[in-house]
Amino acid sequence: MSAIPVADDVLDPDVAVLTVAEVASTIGQSENKVRQMLRDGHLIAVRRDGSLVVPADFVGSDGAIKGLPGTITVLSDAGFTRTEMLRWLYSEDESLPGVTPINALRTSHGTEVKRRAQAMAF
């Protein structure tokens, strides 16, 4: 995967983010486990004010929200950079339930999100 994007270049300032320590606390795992999730492509991190952070929308109590790791894999296989993935996940699409791919994933519409990500790969 590509280098860690800078949040201000990719995310609106109003997008809530969590530090690695906050993600670890939320999911009940160690910071090393969170870093492994980042390396494995289950989550995407950005830099905000010099700190490594993860969009809060990506995290549930059990880890990455359902469907996110698979969507990241599909986008990565299609050649998307992390910056492009983040932009796509937060881009508005009125035809999606939840209006953005990340909100559709959060509301259990992962199949539709993954289908669209696969379609973009071709």
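Nothing here was measured: the structure is a model prediction, and the numbers come from that model.

## Examining the packing of aromatic side chains
In step 1: Going through the model one piece at a time under the given rule, you end up with one aromatic pair.
In step 2: Plain terms: the ring middles of Phe-58 and Tyr-90 are 6.2 Å apart, the flat faces sit at 25° to each other, and that makes the pair stacked. Of this pair, Phe-58 sits in the loop between strand S3 (51-55) and strand S4 (59-60) while Tyr-90 sits in the loop between helix H5 (82-89) and helix H6 (101-106), and the two are 32 residues apart along the sequence. Neither residue differs from the other here; Phe-58 and Tyr-90 are each classed as buried.

## Here's the deal with the environment of Asp-57
In step 1: Secondary-structure assignment places Asp-57 in the loop between S3 and S4.
In step 2: There is a polar contact of 2.9 Å between the side chain of Asp-57 and the side chain of Tyr-90.

## Quick look at the nonpolar core
Side chains of a nonpolar character, in soluble globular proteins, are inclined to be buried together.
In step 1: Membership of the largest hydrophobic core comes to 35 residues, with the highest contact counts inside it found for Leu-43, Phe-58 and Leu-68.
In step 2: Put simply, the parts of the chain that give this core at least two residues each are helix H2 (20-27), helix H3 (31-39), S3, helix H4 (68-77), H5, H6 and helix H7 (110-120).

The rules behind the values
Residues numbered from 1 in each chain as written. Predicted model: local features only at pLDDT ≥ 70, side-chain atom pairs only at ≥ 80, totals over all residues. Heavy atoms only, no water. Phe/Tyr/Trp six-rings, centres within 6.5 Å; stacked < 30°, edge-to-face > 60°. Helix = DSSP H or I, 4+ residues; strand = E, 2+ residues; numbered from the N terminus. Buried < 20%, exposed > 50% of the residue type's maximum accessible area, 1.4 Å probe, protein only. Polar contact = N/O pair within 3.5 Å; in protein donor to acceptor, adjacent residues only side chain to side chain. Core = buried A, V, L, I, M, F, W, Y, C linked by side-chain atoms within 4.5 Å.

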